[in-house]
Amino acid sequence: MGKKAALLITRKLSANTEVRAAHDYEALLNPQDRLYSADELLEKCQNVDAVLPCHSELFTAELVAQLPDRVRIIANHSVGIDHCDLSALREKGIVVTNTPDVLSDATVEIAMLLLLGAARRASEGDQMVRTGKWAHWSPSFMVGTQMTGKRIGIVGMGRVGQVMAKRARGFDMEVNYYNRNRLSPNQEQGAVYHDSIESLLSVSDFLSLHCPATPETTGFLTEEKIALLPDGAIVVNTARGALIDENALIGALKSGKIAGAGLDVYASEPGGNPEFATLDNVFLLPHIGSATFETRDAMGFRALDNLDAFFAGKEPGDRIA
Ligand code: DGY
């Protein structure tokens with residue numbers, strides 16, 4: 001049996017993933033789960049054949065240019081790859097993979113939680129009970145927006161968007177979507193296709209974002225676009241914070257144009273935008289869409305499957321560069 005490939009795993013992954021990685025590779029683990037600086041990351045990459053990073057490690061053009069030739073593959077433990085400068089990696093001949101499919105269910109569970117949390121004022125209610133300020137009840141108390149039977153607009157009808165549509169149908173919602181390409185009738189399952197984002201926004205009582213952050217989609221939800229939503233819409237984001245102009249969203253939440261927002265992702269992470277925390281009508285989570293035991297194992301195994309294929313001389317199933 002040949003020498004095992006040396007693999008840098010940048011963060012603490014699920015125990016099952018680390019056991020498998022240590023069995024099949026010369027695995028360099030991070031048991032303390034420290035976030036490496038760019039310099040540390042570069043230094044750790046010096047003597048490895050492969051890297052298994054998360055979205056928290058930035059492979060900028062500057063860093064990629066300094067990677068040693070020995071590094072041949074970046075097998076991401078994420079579906080999003082906006083932390084990787086793909087053209088720099090391609091130019092350097094480094095293969096890049098991601099982990100699609102396996103996190104769709106977990107991410108949509110969080111999207112549904114955010115939709116419900118924002119619509120039914122969960123943060124406000126939780127705070128009230130938790131801080132001992134719940135001193136009154138009446139039929140006009142804490143009235144929210146009902147999801148059942150409403151129109152949902154899904155931006156990005158890929159794997160996650162399609163699971164979102166399925167779950168929304170469970171709430172008898174009318175599913176509308178915008179996607180670069182229209183889906184087949186079989187995939188659409190009756191969902192209404194919009195050939196422009198503007199058209200989708202105008203019917204979105206609830207809006208859920210499921211597209212990747214790319215130069216084309218970055219900051220697309222501007223003040224002008226928000227103005228197209230029905231008054232009192234609910235906006236949810238489990239994709240990437242970069243999709244939203246956060247100042248515009250904060251303005252719309254303050255004016256009531258948007259009744260509530262549920263956010264799992266922010267323009268700046270970790271930490272998020274502290275101004276959201278000053279608002280009652282937001283339901284906030286710390287980028288945990290895929291954070292379930294089942295999905296963490298599945299993501300780790302998917303990344304290892306890609307590495308195994310690569311080192312066996314085959315095409316990795318989830319190659320994106
Ligand atoms: C992803 O897979 O892109 C999630 O955001 C977690 O990194």
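All of these numbers come straight from a predicted model, not from anything done at the bench. (Residues numbered from 1 in each chain as written. Predicted model: local features only at pLDDT ≥ 70, side-chain atom pairs only at ≥ 80, totals over all residues. Heavy atoms only, no water.)

Caption draft 1: Structural detail: the site of the ligand. Around the ligand sit His55, Ser78, Val79, Gly80, Leu103, Arg240, His287, Ser290 and Met299, and that is every residue in its neighbourhood. A distance of 2.7 Å separates an oxygen atom of the ligand from a polar atom in the backbone of valine 79. Between the ligand and histidine 287 there is a distance of 2.7 Å, counted from an oxygen atom to a side-chain nitrogen or oxygen. When isolated, the ligand has an accessible area of 230 Å², and the protein chains bury 90% of it. Tallied by class, residues from the shell around the ligand come to three nonpolar, five polar and one charged. (Near = heavy atom within 4 Å. Polar contact = N/O pair within 3.5 Å; in protein donor to acceptor, adjacent residues only side chain to side chain. Areas by Shrake-Rupley, 256 points an atom, 1.4 Å probe, with all protein chains shown as cover. Nonpolar A, V, L, I, M, F, W, Y, C, P; charged D, E, K, R; others polar.)

Caption draft 2: Up close: unusual backbone geometry. Cis rather than trans, the peptide bond between glutamate 269 and proline 270 has omega equal to -10°. Mapped onto the elements, proline 270 comes out in the loop between strand 11 (258–263) and strand 12 (282–284). In this structure, aspartate 101 is a non-glycine residue whose phi angle is positive, near 70°. For aspartate 101, the position within the fold is in the loop between strand 5 (95–97) and helix 5 (104–119). Given the relative accessible area of 37%, aspartate 101 is considered partly exposed. (Helix = DSSP H or I, 4+ residues; strand = E, 2+ residues; numbered from the N terminus. Buried < 20%, exposed > 50% of the residue type's maximum accessible area, 1.4 Å probe, protein only.)

Caption draft 3: Highlighting the layout of surface pockets. There is about 200 Å³ of room inside the second largest pocket. Ser37, Ala38, Asp39, Leu58 and Leu63 are the residues nearest the centre of the second largest pocket, which is lined by 14 residues in total. Elements represented by at least two residues in the lining of the second largest pocket include exactly helix 2 (38–44) and helix 3 (61–65). Sort the elements by how many residues they give to the lining of the second largest pocket and helix 2 lands first, with four residues. (1 Å grid on protein atoms, 1.4 Å probe; cavity = no way out; pocket = protein on both sides within 12 Å on 5 of 7 lines; lining within 4 Å. Points joined across faces, edges and corners; volume = space filled by probe spheres on them.)

Caption draft 4: Here's a closer look at the sheet that holds strand 3 (residues 50–52). With respect to topology, five strands assemble into an open sheet ordered 2-1-3-4-5, the strand pairing being parallel. The open sheet terminates on both sides in strands that have one partner only, identified here as strand 2 (26–28) and strand 5. The average undirected angle you get between the axes of adjacent strands in this sheet is 20°. Across three bridges, strand 4 (residues 73–75) lies against strand 5 in parallel orientation. Bridge assignment links alanine 75 to a residue of strand 5, and that residue is threonine 97. (Pairing = 2+ DSSP bridges. Axes fitted to C-alpha atoms, helices over the stretch in contact; angles between N-to-C directions.)

Caption draft 5: Seen up close, empty space enclosed by the protein. If you walk through the whole model with that rule in mind, you get one cavity of 30 Å³ or more. Considering only enclosed or pocket space, the largest cavity measures out at about 30 Å³ in volume. If you go around the largest cavity, the residues you meet are Asn237, Gly241, Ile244, Glu246, Leu249, Leu263, Val265 and Phe276. For the lining of the largest cavity, a count of residues per class yields five nonpolar, two polar and one charged.

Caption draft 6: Structural detail: the sheet that holds strand 9 (residues 206–209). Here we have seven strands laid out as an open sheet, ordered 8-7-6-9-10-11-12, and parallel in their pairing. Looking at which strands have only one partner, the edges of the open sheet turn out to be strand 8 (192–194) and strand 12. Taken over all neighbouring pairs, the strand axes of this sheet differ in orientation by 15° on average, direction set aside. Judged from the three bridges that link them, strand 7 (residues 174–178) and strand 8 form a sheet pairing that is parallel. The residue of strand 8 that forms the bridge with tyrosine 178 is histidine 194. Packing against the sheet, helix 5 makes contact with strand 6 (151–155), strand 9, strand 10 (233–237), strand 11 and strand 12, and its axis sits at approximately 145° to strand 10. (Contact = heavy atoms within 4.5 Å.)

Caption draft 7: Fine view of the domain arrangement of the protein chain. Segmenting the protein chain into domains produces domain 1 (6–102 + 293–311) and domain 2 (104–284). One C-alpha centre belongs to domain 1, the other to domain 2, and the line joining them spans 31 Å. With seven residues of domain 1 at the interface, the matching set in domain 2 holds six residues. Sorting the residues of domain 1 by area buried against domain 2 places His55, Asp82 and Asp101 first, and these three jointly supply 63% of that buried surface. Applying the counting criterion to the domain 1 and domain 2 interface returns two salt bridges. For the interface between domain 1 and domain 2, the tally reads three residue pairs in polar contact (both at pLDDT 80 or more). Within the side of domain 1 that touches domain 2, the residues separate by chemical class into two nonpolar, three polar and two charged. (Domains from an automatic or database assignment. Buried area = accessible area lost by both parts, 1.4 Å probe. Salt bridge = Lys/Arg side-chain N within 4 Å of Asp/Glu carboxyl O.)

Caption draft 8: Expanded view of the pattern of salt bridges. Summed over the entire model, instances satisfying the criterion amount to 17 salt bridges. One salt bridge connects aspartate 101 with arginine 302, and the closest N-O pair in it is separated by 3.2 Å. Taken together, the positions of aspartate 101 in the loop between strand 5 and helix 5 and arginine 302 in helix 12 (residues 293–311) put the pair 201 residues apart, joining distant regions of the chain. Lysine 257 is the salt-bridge partner of aspartate 231, the closest N and O atoms lying 2.7 Å from each other. Note that aspartate 231 is positioned in the loop between helix 10 (223–228) and strand 10 and lysine 257 in the loop between helix 11 (246–255) and strand 11, a separation of 26 residues in sequence. The class for aspartate 231 is exposed, based on a relative accessible area of 66%. Among the charged side chains, a salt-bridge network with shared partners connects Asp101, Arg159, Arg302 and Asp318.

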